[in-house]
Amino acid sequence: MIISALHIVNEQGANAHISKLNQALEKIDVFLTECNISTLELDCLRHKNATSEQPCLAFISPTINNPIQVAKQIRSLLSDIDFIFLVEGSSQELLTELQSPTSVLGSHWEVKDIHSEGFIHQLSTSLKAVHKRRKFRTTLTHLQNKLKATSKPKVSELQKYTVSLQHLSHIVEHAHDAIIATTSDGIIVKWNQASQKIFHMSSDEAVGTSIFEIYDHDWGRRLQTDYHSLFNSDHGFIEHEISITRAVDLQENYYNIILSVIRDNNGEDIGVSAVMRDITEKKATENILAEIRKDLEKMSYEDGLTSVANRRMFDKALRNEWGRLLRTQSPLSIIMFDIDYFKHYNDTYGHQEGDKCLKKVAEILKNEIKRSSDLIARYGGEEFILLLPGTNEEDAKSLALKCCTAVRKANIPHDSSEISNTVTVSGGVGSLIPIQTSKPEAIIKMADNMLYIAKKNGRNQVQPT
Ligand SMILES: Nc1nc2c(ncn2[C@@H]2O[C@H](COP(=O)(O)OP(=O)(O)OP(=O)(O)O)[C@@H](O)[C@H]2O)c(=O)[nH]1
(Lines give C-alpha, C1' and ligand atoms only; values in the text may rest on other atoms or scores of the structure.)
Protein backbone atom coordinates (compact mmCIF):
# COMPACT_ATOMS: atom_id res chain seq x y z
CA MET A 1 0.00 0.00 0.00
CA ILE A 2 1.34 3.39 -0.87
CA ILE A 3 -0.30 6.49 0.43
CA SER A 4 1.37 9.73 -0.49
CA ALA A 5 -0.10 11.84 2.25
CA LEU A 6 -2.79 11.96 4.84
CA HIS A 7 -3.21 15.50 6.00
CA ILE A 8 -5.17 16.79 8.93
CA VAL A 9 -5.61 20.48 9.09
CA ASN A 10 -7.61 23.08 10.95
CA GLU A 11 -9.37 25.96 9.30
CA GLN A 12 -6.24 28.03 8.85
CA GLY A 13 -4.65 25.24 6.92
CA ALA A 14 -7.82 24.67 4.98
CA ASN A 15 -7.78 28.23 3.85
CA ALA A 16 -4.58 27.63 1.98
CA HIS A 17 -4.69 26.63 -1.66
CA ILE A 18 -4.70 22.92 -2.17
CA SER A 19 -1.40 23.06 -3.98
CA LYS A 20 0.12 24.66 -0.94
CA LEU A 21 -1.53 22.39 1.60
CA ASN A 22 1.53 20.30 2.23
CA GLN A 23 3.53 23.36 3.01
CA ALA A 24 0.88 24.68 5.35
CA LEU A 25 0.43 21.38 7.06
CA GLU A 26 4.11 20.94 7.72
CA LYS A 27 3.80 23.75 10.17
CA ILE A 28 1.37 21.74 12.26
CA ASP A 29 3.15 20.43 15.29
CA VAL A 30 1.85 16.94 16.00
CA PHE A 31 2.44 14.00 13.71
CA LEU A 32 -0.07 11.23 13.78
CA THR A 33 2.42 8.55 14.60
CA GLU A 34 -0.19 6.46 16.38
CA CYS A 35 -1.63 5.68 13.00
CA ASN A 36 1.06 3.08 12.96
CA ILE A 37 1.04 2.76 9.25
CA SER A 38 4.36 4.48 8.66
CA THR A 39 5.77 1.16 7.59
CA LEU A 40 3.30 1.32 4.75
CA GLU A 41 4.91 4.56 3.59
CA LEU A 42 2.13 6.63 5.03
CA ASP A 43 2.99 10.18 6.01
CA CYS A 44 0.50 11.32 8.54
CA LEU A 45 0.04 14.74 9.90
CA ARG A 46 -2.27 15.40 12.69
CA HIS A 47 -3.48 18.48 14.32
CA LYS A 48 -5.47 18.28 17.43
CA ASN A 49 -6.25 21.68 18.75
CA ALA A 50 -8.07 21.13 22.00
CA THR A 51 -8.72 24.79 22.59
CA SER A 52 -10.10 25.45 19.13
CA GLU A 53 -13.78 25.40 18.45
CA GLN A 54 -13.01 24.81 14.80
CA PRO A 55 -13.49 21.34 13.44
CA CYS A 56 -10.40 19.53 12.23
CA LEU A 57 -10.17 18.49 8.60
CA ALA A 58 -8.30 15.67 7.00
CA PHE A 59 -7.13 15.62 3.38
CA ILE A 60 -6.12 12.38 1.76
CA SER A 61 -4.36 12.24 -1.56
CA PRO A 62 -3.12 8.71 -1.75
CA THR A 63 -2.49 5.99 -4.26
CA ILE A 64 -3.68 2.96 -2.45
CA ASN A 65 -3.18 -0.72 -2.94
CA ASN A 66 -5.11 -1.82 0.09
CA PRO A 67 -8.13 0.40 0.56
CA ILE A 68 -9.59 -1.61 3.43
CA GLN A 69 -6.40 -1.21 5.40
CA VAL A 70 -6.37 2.53 4.81
CA ALA A 71 -10.04 2.81 5.65
CA LYS A 72 -9.29 1.16 8.97
CA GLN A 73 -6.54 3.63 9.66
CA ILE A 74 -8.87 6.44 8.80
CA ARG A 75 -11.34 5.09 11.25
CA SER A 76 -8.71 5.22 13.95
CA LEU A 77 -8.45 8.93 13.33
CA LEU A 78 -12.13 9.59 13.76
CA SER A 79 -11.88 10.58 17.38
CA ASP A 80 -9.39 13.27 16.52
CA ILE A 81 -10.81 14.78 13.39
CA ASP A 82 -14.18 16.01 12.34
CA PHE A 83 -13.99 15.70 8.57
CA ILE A 84 -11.96 13.89 6.01
CA PHE A 85 -11.51 14.87 2.38
CA LEU A 86 -10.26 12.56 -0.26
CA VAL A 87 -8.67 14.91 -2.72
CA GLU A 88 -7.91 14.49 -6.40
CA GLY A 89 -5.82 11.45 -7.05
CA SER A 90 -7.41 9.44 -4.26
CA SER A 91 -8.01 5.86 -4.99
CA GLN A 92 -11.42 4.92 -6.31
CA GLU A 93 -11.17 1.68 -4.34
CA LEU A 94 -10.75 3.60 -1.13
CA LEU A 95 -13.76 5.70 -1.91
CA THR A 96 -15.83 2.63 -2.72
CA GLU A 97 -14.74 0.99 0.49
CA LEU A 98 -15.62 4.05 2.55
CA GLN A 99 -18.99 4.31 0.87
CA SER A 100 -19.97 0.68 1.21
CA PRO A 101 -22.71 -0.10 3.79
CA THR A 102 -20.36 -2.54 5.47
CA SER A 103 -17.57 -0.01 5.59
CA VAL A 104 -15.13 -0.15 8.45
CA LEU A 105 -16.18 3.38 9.25
CA GLY A 106 -19.41 2.12 10.71
CA SER A 107 -22.83 3.70 10.68
CA HIS A 108 -21.81 6.92 12.44
CA TRP A 109 -20.12 8.17 9.33
CA GLU A 110 -21.84 9.21 6.22
CA VAL A 111 -19.87 9.27 3.00
CA LYS A 112 -20.98 11.98 0.69
CA ASP A 113 -19.77 12.93 -2.78
CA ILE A 114 -19.75 16.67 -2.72
CA HIS A 115 -18.17 17.39 -6.08
CA SER A 116 -19.76 16.48 -9.39
CA GLU A 117 -16.46 15.36 -10.85
CA GLY A 118 -15.45 13.33 -7.87
CA PHE A 119 -12.96 15.97 -7.08
CA ILE A 120 -13.52 15.90 -3.38
CA HIS A 121 -15.46 13.42 -1.35
CA GLN A 122 -16.73 14.35 1.96
CA LEU A 123 -17.03 12.19 4.96
CA SER A 124 -19.23 13.81 7.49
CA THR A 125 -20.23 12.46 10.78
CA SER A 126 -23.74 12.34 12.03
CA LEU A 127 -22.50 12.27 15.55
CA LYS A 128 -21.18 15.77 15.62
CA ALA A 129 -23.17 18.53 17.19
CA VAL A 130 -25.38 20.47 14.85
CA HIS A 131 -23.64 23.75 15.52
CA LYS A 132 -20.36 22.12 14.64
CA ARG A 133 -21.81 20.92 11.41
CA ARG A 134 -22.95 24.40 10.63
CA LYS A 135 -19.49 25.65 11.29
CA PHE A 136 -18.20 22.92 9.15
CA ARG A 137 -20.47 23.84 6.28
CA THR A 138 -19.19 27.38 6.38
CA THR A 139 -15.66 26.09 6.41
CA LEU A 140 -16.47 23.65 3.68
CA THR A 141 -18.07 26.21 1.39
CA HIS A 142 -15.16 28.49 1.93
CA LEU A 143 -12.77 25.70 1.14
CA GLN A 144 -14.70 24.58 -1.90
CA ASN A 145 -14.66 28.09 -3.30
CA LYS A 146 -10.93 28.25 -2.78
CA LEU A 147 -10.45 24.95 -4.50
CA LYS A 148 -12.72 25.89 -7.37
CA ALA A 149 -10.85 29.13 -7.84
CA THR A 150 -7.53 27.38 -7.99
CA SER A 151 -8.58 24.34 -9.96
CA LYS A 152 -9.37 24.28 -13.65
CA PRO A 153 -12.22 22.04 -14.75
CA LYS A 154 -10.95 18.83 -16.18
CA VAL A 155 -11.53 18.81 -19.92
CA SER A 156 -9.88 16.06 -21.79
CA GLU A 157 -7.78 16.76 -24.90
CA LEU A 158 -10.38 14.98 -26.98
CA GLN A 159 -13.15 17.15 -25.53
CA LYS A 160 -11.14 20.29 -26.22
CA TYR A 161 -10.45 19.14 -29.74
CA THR A 162 -14.12 18.39 -30.34
CA VAL A 163 -15.24 21.75 -28.96
CA SER A 164 -12.69 23.63 -31.03
CA LEU A 165 -13.77 21.73 -34.14
CA GLN A 166 -17.39 22.61 -33.46
CA HIS A 167 -16.46 26.27 -33.07
CA LEU A 168 -14.47 26.25 -36.28
CA SER A 169 -17.22 24.53 -38.17
CA HIS A 170 -19.75 27.11 -36.96
CA ILE A 171 -17.48 30.00 -37.95
CA VAL A 172 -16.91 28.57 -41.43
CA GLU A 173 -20.56 27.73 -41.98
CA HIS A 174 -21.83 31.20 -41.02
CA ALA A 175 -18.98 33.28 -42.43
CA HIS A 176 -19.94 36.22 -44.60
CA ASP A 177 -17.33 35.14 -47.15
CA ALA A 178 -17.80 32.06 -49.28
CA ILE A 179 -15.45 29.37 -47.99
CA ILE A 180 -14.82 26.32 -50.12
CA ALA A 181 -12.36 23.53 -49.44
CA THR A 182 -11.32 21.07 -52.11
CA THR A 183 -8.96 18.20 -52.53
CA SER A 184 -5.73 18.88 -54.43
CA ASP A 185 -7.46 17.97 -57.69
CA GLY A 186 -10.39 20.29 -57.11
CA ILE A 187 -13.08 18.02 -55.67
CA ILE A 188 -15.20 20.03 -53.26
CA VAL A 189 -15.23 18.79 -49.66
CA LYS A 190 -16.56 21.85 -47.82
CA TRP A 191 -19.10 24.35 -49.07
CA ASN A 192 -20.47 26.94 -46.64
CA GLN A 193 -23.73 28.89 -46.73
CA ALA A 194 -22.26 31.97 -48.45
CA SER A 195 -21.06 29.70 -51.30
CA GLN A 196 -24.60 28.42 -51.70
CA LYS A 197 -25.89 31.95 -52.20
CA ILE A 198 -23.33 32.83 -54.86
CA PHE A 199 -23.66 29.68 -56.94
CA HIS A 200 -27.21 28.77 -55.98
CA MET A 201 -26.07 25.26 -55.19
CA SER A 202 -26.67 23.39 -51.94
CA SER A 203 -23.87 21.79 -50.01
CA ASP A 204 -25.21 18.35 -50.95
CA GLU A 205 -25.06 19.24 -54.63
CA ALA A 206 -21.63 20.85 -54.46
CA VAL A 207 -19.69 18.45 -52.27
CA GLY A 208 -18.15 15.77 -54.45
CA THR A 209 -18.21 17.82 -57.65
CA SER A 210 -15.25 19.59 -59.21
CA ILE A 211 -14.70 23.27 -58.40
CA PHE A 212 -13.61 23.72 -62.01
CA GLU A 213 -17.15 22.98 -63.13
CA ILE A 214 -19.25 25.05 -60.75
CA TYR A 215 -19.27 28.21 -62.87
CA ASP A 216 -18.44 29.04 -66.48
CA HIS A 217 -15.80 27.39 -68.59
CA ASP A 218 -13.40 30.36 -68.54
CA TRP A 219 -13.34 30.56 -64.78
CA GLY A 220 -12.93 26.82 -64.51
CA ARG A 221 -9.87 26.98 -66.75
CA ARG A 222 -8.47 29.89 -64.83
CA LEU A 223 -8.89 28.00 -61.57
CA GLN A 224 -7.15 25.00 -63.07
CA THR A 225 -4.19 27.18 -64.00
CA ASP A 226 -4.23 28.71 -60.50
CA TYR A 227 -4.25 25.28 -58.87
CA HIS A 228 -1.31 24.29 -61.00
CA SER A 229 0.62 27.44 -60.03
CA LEU A 230 -0.35 27.03 -56.36
CA PHE A 231 1.32 23.67 -56.00
CA ASN A 232 4.37 24.90 -57.85
CA SER A 233 4.81 28.16 -55.95
CA ASP A 234 6.64 28.73 -52.68
CA HIS A 235 4.15 31.06 -51.04
CA GLY A 236 1.20 28.69 -51.46
CA PHE A 237 -1.51 31.24 -52.20
CA ILE A 238 -2.95 33.10 -55.19
CA GLU A 239 -5.33 36.03 -55.27
CA HIS A 240 -7.49 37.22 -58.13
CA GLU A 241 -10.70 39.07 -58.85
CA ILE A 242 -13.63 37.85 -60.89
CA SER A 243 -17.11 39.00 -61.74
CA ILE A 244 -19.85 36.45 -61.30
CA THR A 245 -23.47 36.75 -62.30
CA ARG A 246 -25.14 35.45 -59.17
CA ALA A 247 -27.63 32.74 -59.92
CA VAL A 248 -29.86 33.87 -57.05
CA ASP A 249 -30.57 37.41 -58.32
CA LEU A 250 -28.79 37.53 -61.72
CA GLN A 251 -26.73 40.47 -60.48
CA GLU A 252 -23.16 40.85 -61.56
CA ASN A 253 -21.02 40.87 -58.47
CA TYR A 254 -17.29 41.19 -58.06
CA TYR A 255 -15.32 38.85 -55.84
CA ASN A 256 -11.83 38.78 -54.52
CA ILE A 257 -10.65 35.18 -54.31
CA ILE A 258 -7.79 33.89 -52.23
CA LEU A 259 -6.74 30.34 -53.00
CA SER A 260 -4.34 28.74 -50.57
CA VAL A 261 -2.83 25.32 -50.20
CA ILE A 262 -3.97 23.23 -47.23
CA ARG A 263 -1.11 21.22 -45.78
CA ASP A 264 -1.16 18.49 -43.15
CA ASN A 265 1.10 18.33 -40.09
CA ASN A 266 3.84 16.77 -42.17
CA GLY A 267 3.75 19.60 -44.70
CA GLU A 268 2.10 17.45 -47.37
CA ASP A 269 -0.34 19.24 -49.74
CA ILE A 270 -3.77 17.84 -49.07
CA GLY A 271 -6.07 20.37 -50.68
CA VAL A 272 -6.95 23.95 -51.43
CA SER A 273 -9.12 26.48 -49.65
CA ALA A 274 -10.91 29.19 -51.61
CA VAL A 275 -12.19 32.25 -49.77
CA MET A 276 -14.40 34.53 -51.87
CA ARG A 277 -15.18 38.03 -50.65
CA ASP A 278 -17.86 40.16 -52.26
CA ILE A 279 -16.20 43.41 -53.33
CA THR A 280 -19.02 44.70 -55.54
CA GLU A 281 -19.64 47.78 -53.42
CA LYS A 282 -15.96 48.52 -53.07
CA LYS A 283 -15.58 48.19 -56.82
CA ALA A 284 -18.51 50.54 -57.47
CA THR A 285 -17.01 53.12 -55.12
CA GLU A 286 -13.64 52.77 -56.83
CA ASN A 287 -15.25 53.33 -60.23
CA ILE A 288 -17.08 56.43 -59.03
CA LEU A 289 -13.87 57.78 -57.52
CA ALA A 290 -11.98 57.09 -60.74
CA GLU A 291 -14.64 59.01 -62.70
CA ILE A 292 -14.48 61.92 -60.28
CA ARG A 293 -10.69 61.96 -60.49
CA LYS A 294 -10.87 61.95 -64.27
CA ASP A 295 -13.41 64.77 -64.26
CA LEU A 296 -11.34 66.80 -61.84
CA GLU A 297 -8.25 66.35 -63.94
CA LYS A 298 -10.17 67.37 -67.01
CA MET A 299 -11.66 70.36 -65.24
CA SER A 300 -8.30 71.58 -64.12
CA TYR A 301 -6.86 71.61 -67.65
CA GLU A 302 -9.89 72.09 -69.87
CA ASP A 303 -12.01 75.11 -70.66
CA GLY A 304 -15.53 74.26 -69.55
CA LEU A 305 -17.27 76.13 -72.36
CA THR A 306 -15.24 75.32 -75.46
CA SER A 307 -13.55 72.06 -74.33
CA VAL A 308 -10.15 73.24 -75.59
CA ALA A 309 -7.26 73.61 -73.11
CA ASN A 310 -7.59 76.36 -70.52
CA ARG A 311 -5.07 79.02 -69.71
CA ARG A 312 -3.50 77.01 -66.91
CA MET A 313 -2.80 74.19 -69.34
CA PHE A 314 -1.39 76.62 -71.87
CA ASP A 315 0.95 78.20 -69.30
CA LYS A 316 2.17 74.77 -68.25
CA ALA A 317 2.75 73.64 -71.83
CA LEU A 318 4.51 76.92 -72.69
CA ARG A 319 6.92 76.50 -69.74
CA ASN A 320 7.70 72.93 -70.76
CA GLU A 321 8.24 73.78 -74.42
CA TRP A 322 10.29 76.84 -73.55
CA GLY A 323 12.75 74.72 -71.57
CA ARG A 324 12.92 72.03 -74.23
CA LEU A 325 13.40 74.45 -77.14
CA LEU A 326 15.95 76.42 -75.14
CA ARG A 327 18.02 73.24 -74.95
CA THR A 328 17.55 72.31 -78.61
CA GLN A 329 17.62 75.94 -79.79
CA SER A 330 14.55 75.42 -81.97
CA PRO A 331 11.96 78.05 -82.89
CA LEU A 332 8.77 78.57 -80.92
CA SER A 333 5.74 80.45 -82.24
CA ILE A 334 2.42 81.43 -80.77
CA ILE A 335 -0.64 83.02 -82.35
CA MET A 336 -3.08 85.04 -80.31
CA PHE A 337 -6.60 85.41 -81.78
CA ASP A 338 -9.35 87.75 -80.67
CA ILE A 339 -12.89 87.80 -82.05
CA ASP A 340 -13.69 91.16 -83.60
CA TYR A 341 -16.44 93.24 -82.08
CA PHE A 342 -17.55 90.45 -79.84
CA LYS A 343 -19.14 92.83 -77.36
CA HIS A 344 -21.46 93.91 -80.17
CA TYR A 345 -22.16 90.25 -80.90
CA ASN A 346 -23.27 89.63 -77.33
CA ASP A 347 -25.28 92.81 -77.31
CA THR A 348 -27.04 91.83 -80.53
CA TYR A 349 -27.61 88.11 -80.07
CA GLY A 350 -27.42 87.71 -76.33
CA HIS A 351 -24.87 86.06 -74.06
CA GLN A 352 -26.00 82.51 -74.77
CA GLU A 353 -25.57 82.98 -78.51
CA GLY A 354 -22.21 84.57 -77.70
CA ASP A 355 -21.22 81.34 -75.94
CA LYS A 356 -22.25 79.28 -78.96
CA CYS A 357 -20.16 81.54 -81.18
CA LEU A 358 -17.13 81.03 -78.92
CA LYS A 359 -17.58 77.27 -79.19
CA LYS A 360 -17.76 77.42 -82.99
CA VAL A 361 -14.65 79.60 -83.31
CA ALA A 362 -12.74 77.25 -80.97
CA GLU A 363 -13.77 74.31 -83.11
CA ILE A 364 -12.69 76.04 -86.34
CA LEU A 365 -9.26 76.95 -84.92
CA LYS A 366 -8.81 73.47 -83.51
CA ASN A 367 -9.45 71.96 -86.91
CA GLU A 368 -6.68 74.06 -88.45
CA ILE A 369 -3.89 72.73 -86.26
CA LYS A 370 -2.53 69.45 -87.50
CA ARG A 371 0.58 68.65 -85.47
CA SER A 372 0.14 66.68 -82.31
CA SER A 373 2.64 68.95 -80.57
CA ASP A 374 0.49 72.05 -81.30
CA LEU A 375 -1.96 73.21 -78.69
CA ILE A 376 -5.00 75.45 -78.80
CA ALA A 377 -6.22 77.11 -75.62
CA ARG A 378 -8.82 79.65 -74.61
CA TYR A 379 -6.66 82.42 -73.23
CA GLY A 380 -9.33 84.86 -72.06
CA GLY A 381 -12.99 85.78 -72.70
CA GLU A 382 -12.99 85.88 -76.52
CA GLU A 383 -9.27 85.25 -76.95
CA PHE A 384 -7.70 82.01 -78.20
CA ILE A 385 -4.03 81.17 -78.35
CA LEU A 386 -2.09 78.60 -80.37
CA LEU A 387 1.18 77.16 -79.10
CA LEU A 388 3.34 75.94 -81.98
CA PRO A 389 6.60 74.35 -80.80
CA GLY A 390 9.29 73.94 -83.49
CA THR A 391 7.37 76.31 -85.85
CA ASN A 392 9.14 79.34 -87.30
CA GLU A 393 7.61 82.76 -87.90
CA GLU A 394 6.81 82.14 -91.57
CA ASP A 395 4.92 78.94 -90.93
CA ALA A 396 3.14 80.48 -87.95
CA LYS A 397 2.02 83.46 -90.06
CA SER A 398 0.77 81.16 -92.75
CA LEU A 399 -1.22 79.13 -90.19
CA ALA A 400 -2.59 82.31 -88.67
CA LEU A 401 -3.88 83.44 -92.05
CA LYS A 402 -5.47 80.06 -92.67
CA CYS A 403 -7.24 80.30 -89.33
CA CYS A 404 -8.48 83.84 -90.11
CA THR A 405 -9.84 82.67 -93.44
CA ALA A 406 -11.45 79.58 -91.92
CA VAL A 407 -13.37 81.68 -89.36
CA ARG A 408 -14.49 84.09 -92.03
CA LYS A 409 -15.56 81.27 -94.30
CA ALA A 410 -17.64 79.75 -91.54
CA ASN A 411 -20.08 82.60 -92.22
CA ILE A 412 -21.32 83.04 -88.68
CA PRO A 413 -23.66 86.04 -88.97
CA HIS A 414 -22.52 89.16 -87.11
CA ASP A 415 -24.81 92.02 -88.06
CA SER A 416 -23.33 94.46 -85.61
CA SER A 417 -19.71 93.99 -86.68
CA GLU A 418 -18.27 97.22 -88.04
CA ILE A 419 -16.05 95.49 -90.61
CA SER A 420 -18.07 92.52 -91.90
CA ASN A 421 -21.49 90.93 -91.63
CA THR A 422 -19.95 87.67 -90.39
CA VAL A 423 -17.73 86.83 -87.43
CA THR A 424 -14.04 87.56 -88.01
CA VAL A 425 -10.90 87.27 -85.92
CA SER A 426 -7.68 89.25 -85.68
CA GLY A 427 -4.38 87.48 -84.95
CA GLY A 428 -0.96 88.43 -83.62
CA VAL A 429 2.03 86.14 -84.17
CA GLY A 430 4.98 85.90 -81.80
CA SER A 431 7.98 83.89 -82.87
CA LEU A 432 11.48 83.39 -81.42
CA ILE A 433 14.18 80.91 -80.43
CA PRO A 434 14.25 80.83 -76.61
CA ILE A 435 17.38 82.23 -75.01
CA GLN A 436 18.66 81.91 -71.49
CA THR A 437 18.20 85.57 -70.64
CA SER A 438 14.55 85.81 -71.66
CA LYS A 439 11.37 84.27 -70.23
CA PRO A 440 8.25 82.65 -71.75
CA GLU A 441 6.29 85.83 -71.07
CA ALA A 442 8.39 87.50 -73.78
CA ILE A 443 6.72 85.63 -76.59
CA ILE A 444 3.25 86.32 -75.17
CA LYS A 445 4.01 90.00 -75.10
CA MET A 446 5.26 89.82 -78.68
CA ALA A 447 2.03 88.17 -79.92
CA ASP A 448 -0.11 90.51 -77.82
CA ASN A 449 1.60 93.54 -79.38
CA MET A 450 1.04 92.13 -82.88
CA LEU A 451 -2.63 91.51 -82.08
CA TYR A 452 -2.96 95.09 -80.93
CA ILE A 453 -1.52 96.27 -84.26
CA ALA A 454 -3.90 93.95 -86.18
CA LYS A 455 -6.86 95.44 -84.32
CA LYS A 456 -5.57 98.94 -84.86
CA ASN A 457 -5.03 98.30 -88.54
CA GLY A 458 -8.66 97.39 -89.14
CA ARG A 459 -9.16 93.86 -87.67
CA ASN A 460 -9.88 90.64 -89.65
CA GLN A 461 -6.14 90.24 -90.26
CA VAL A 462 -2.90 88.82 -88.92
CA GLN A 463 0.22 90.72 -87.78
CA PRO A 464 2.94 90.72 -88.80
CA THR A 465 1.69 90.35 -92.31
N1 LIG B 1 -20.81 85.19 -74.51
C2 LIG B 1 -19.63 85.35 -73.94
N3 LIG B 1 -19.02 86.50 -74.00
C4 LIG B 1 -17.83 86.67 -73.46
C5 LIG B 1 -17.21 85.62 -72.78
N6 LIG B 1 -16.02 86.07 -72.31
C7 LIG B 1 -15.93 87.37 -72.67
N8 LIG B 1 -17.01 87.73 -73.39
C9 LIG B 1 -17.33 89.00 -73.93
O10 LIG B 1 -16.46 89.37 -74.97
C11 LIG B 1 -16.49 90.76 -75.09
C12 LIG B 1 -15.13 91.28 -75.41
O13 LIG B 1 -15.29 92.64 -75.68
P14 LIG B 1 -14.10 93.62 -75.90
O15 LIG B 1 -12.93 93.20 -75.09
O16 LIG B 1 -14.60 95.02 -75.71
O17 LIG B 1 -13.70 93.41 -77.37
P18 LIG B 1 -14.53 93.35 -78.66
O19 LIG B 1 -15.93 93.78 -78.45
O20 LIG B 1 -14.41 91.95 -79.23
O21 LIG B 1 -13.83 94.35 -79.58
P22 LIG B 1 -12.44 94.13 -80.24
O23 LIG B 1 -11.73 93.04 -79.57
O24 LIG B 1 -11.76 95.44 -80.13
O25 LIG B 1 -12.75 93.77 -81.65
C26 LIG B 1 -17.04 91.30 -73.79
O27 LIG B 1 -18.32 91.84 -74.01
C28 LIG B 1 -17.17 90.10 -72.92
O29 LIG B 1 -18.30 90.16 -72.08
C30 LIG B 1 -17.88 84.38 -72.70
O31 LIG B 1 -17.43 83.40 -72.13
N32 LIG B 1 -19.08 84.29 -73.31
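Residues numbered from 1 in each chain as written. Predicted model: local features only at pLDDT ≥ 70, side-chain atom pairs only at ≥ 80, totals over all residues. Heavy atoms only, no water.

Within an unreviewed UniProt entry, the label attached to the chain reads diguanylate cyclase, and the organism entered is Litoribrevibacter albus. The Catalytic activity (unreviewed entry) comment attached to the chain in UniProt states, word for word, "2 GTP = 3',3'-c-di-GMP + 2 diphosphate". Annotation of the chain in UniProt includes, under Cofactor (unreviewed entry), the sentence "Mg(2+)". (UniProt positions renumbered as here; feature names shortened; annotations may be inferred.)

Helix and strand counts for the chain stand at 15 helices and 15 strands. The buried share of the chain, taken over its 465 residues, is 43%. For the chain, the exposed area adds up to about 26000 Å²; of that, 50% sits on carbon and sulfur atoms. (Helix = DSSP H or I, 4+ residues; strand = E, 2+ residues; numbered from the N terminus. Buried < 20%, exposed > 50% of the residue type's maximum accessible area, 1.4 Å probe, protein only. Areas by Shrake-Rupley, 256 points an atom, 1.4 Å probe, with all protein chains shown as cover.)

Our focus in this paragraph is the pattern of salt bridges. As enumerated under the stated definition, the model contains twelve salt bridges in all. Through salt bridges that share partners, Asp338, Asp340 and Lys455 make up one connected network. (Salt bridge = Lys/Arg side-chain N within 4 Å of Asp/Glu carboxyl O.)

In this section: helix α14 (residues 393-409). Each α-helix turn comprises 3.6 residues. Residues three or four places apart therefore point the same way. If you check α14, its first and last C-alpha atoms are 24 Å apart, about what 17 residues at 1.5 Å a residue would give, namely 24 Å. On its buried face, α14 sits against β11 (332-339), α13 (351-368), β13 (383-389), β14 (425-432) and β15 (462-463). Backbone nitrogen of Glu394 and a side-chain oxygen of the N-cap are separated by 3.3 Å at the start of α14; the cap is Asn392. Where α14 ends, the next residue or the one after it, Asn411, has phi of about 55 degrees, a positive value. (Expected span 1.5 Å × (residues − 1). Contact = heavy atoms within 4.5 Å. Polar contact = N/O pair within 3.5 Å; in protein donor to acceptor, adjacent residues only side chain to side chain.)

Attention shifts here to the side chain of Ser431. For Ser431, the position within the fold is in strand β14. Since its relative accessible area comes to 17%, Ser431 is described here as buried. A distance of 3.1 Å separates a polar atom in the side chain of Ser431 from the backbone nitrogen of Glu393. When sequence neighbours within four positions are dropped, the list of residues in contact with Ser431 reads Leu332, Ser333, Thr391, Asn392, Glu393, Ile443 and Met446.

Further remarks concern unusual backbone geometry. Looking along the chain, the bond that leaves Gln463 and enters Pro464 is cis, with omega of -10 degrees. Among the secondary structure elements, Pro464 is positioned in the segment after β15. Its identity as a non-glycine residue notwithstanding, Gln329 has a phi of 55 degrees, on the positive side.

The next point concerns the site of the ligand. Taken together, 16 residues sit near the ligand, with Tyr341, Phe342, Lys343, Asp355 and Arg378 positioned nearest. Here an oxygen atom of the ligand sits 2.7 Å away from a polar atom, N or O, in the main chain of Phe342. In the environment of the ligand, an oxygen atom lies 3.3 Å from a nitrogen or oxygen atom belonging to the side chain of Glu382. Summarising the interface, the protein chains cover 68% of the accessible area of the ligand, which totals 650 Å² for the free molecule. Those elements giving two or more residues to the shell around the ligand turn out to be β11, α12 (342-349) and α13. (Near = heavy atom within 4 Å.)

A separate point is the sheet that holds strand β10 (residues 269-278). Neighbouring strands of a sheet are bound in pairs by backbone hydrogen bonds; such pairs are parallel or else antiparallel. If you trace the five strands from one edge of the open sheet to the other, you get β7-β6-β10-β9-β8, paired in antiparallel fashion. The open sheet has two free edges, formed respectively by β7 (188-191) and β8 (237-245), since each of these has just one partner strand. On average, each strand axis in the sheet is tilted by 20 degrees relative to the strand beside it, whichever way the strands run. Sheet topology note: the strand β6 (residues 178-182)/β7 ladder contains three bridges and is antiparallel. The partner of Ala181 across the bridge, within β7, is Lys190. Set on the sheet, helix α9 (residues 217-232) makes contact with β6, β8, β9 (252-263) and β10; between it and β8 the angle comes to about 170 degrees. (Pairing = 2+ DSSP bridges. Axes fitted to C-alpha atoms, helices over the stretch in contact; angles between N-to-C directions.)

Further remarks concern the sheet that holds strand β12 (residues 375-378). Here we have five strands laid out as an open sheet, ordered β12-β13-β11-β14-β15, and mixed in their pairing. Unpaired on one side and paired on the other, β12 and β15 mark the two borders of the sheet. In the packing of helix α15 (residues 441-456) onto the sheet, contacts are made with β11, β13, β14 and β15, and the angle to β14 comes to roughly 145 degrees.

Attention now moves to the layout of surface pockets. Its volume calculated, the largest pocket comes out at about 240 Å³. As for the largest pocket, its lining consists of 15 residues, and the residues nearest its centre are His176, Asp177, Ala194, Lys197 and Arg246. Among the elements of the structure, α7 (193-199) and β10 are those that each provide at least two residues to the lining of the largest pocket. Considering each element in turn, the lining of the largest pocket owes the most residues, four residues, to α7. Grouping the constituent residues of the lining of the largest pocket by class yields six nonpolar, three polar and six charged. (1 Å grid on protein atoms, 1.4 Å probe; cavity = no way out; pocket = protein on both sides within 12 Å on 5 of 7 lines; lining within 4 Å. Points joined across faces, edges and corners; volume = space filled by probe spheres on them. Nonpolar A, V, L, I, M, F, W, Y, C, P; charged D, E, K, R; others polar.)

This next bit is on the packing of aromatic side chains. Counted according to the given criterion, the structure contains nine aromatic pairs. Linked through ring pairs, Trp191, Phe199, Tyr215 and Trp219 together constitute an aromatic cluster. The residue whose ring lies beneath Arg311 is Tyr379, and the NZ or CZ to ring-centre distance is 4.0 Å. (Phe/Tyr/Trp six-rings, centres within 6.5 Å; stacked < 30°, edge-to-face > 60°. Lys NZ or Arg CZ within 6 Å of the ring centre and 35° of its normal.)

In this fold, Glu321 is placed in helix α11 (residues 311-328). Given a relative accessible area of 16%, Glu321 falls into the buried group. Within the structure, Glu321 has its side chain in polar contact with the side chain of Arg324 (distance 2.8 Å). The contacts of Glu321, once residues within four sequence positions are left out, are Leu387 and Pro389.

Right, let's get into the nonpolar core. Ranked by internal contacts, the top residues of the largest apolar core, which has 29 residues, are Phe337, Val361 and Leu386. Secondary structure elements with two or more residues in this core: β11, α12, α13, β13, α14 and β14. By residue number, the principal contributor to this core is α14, which donates seven residues. With residues near it in sequence (within four places) discarded, Leu386 still touches Ser333, Ile334, Ile335, Phe337, Ile369, Leu375, Ile376, Leu399 and Cys403. Counting 26 residues, the second largest nonpolar core, distinct from the first, contains Ile214, Trp219, Leu230 and Ile244. (Core = buried A, V, L, I, M, F, W, Y, C linked by side-chain atoms within 4.5 Å.)

This part is about a nonpolar patch on the surface. A cluster of nonpolar side chains, contributed by Leu158, Tyr161, Leu165, Leu168 and Ile171, occupies part of the molecular surface with about 550 Å² of accessible area. Within the element layout of this structure, Tyr161 appears in helix α6 (residues 157-173). Judged by relative accessible area, which is 52%, Tyr161 ranks as exposed. (Patch = residues over 30% accessible without salt bridge, like charges linked within 9 Å, V, L, I, M, F, W, Y side chains within 5 Å.)

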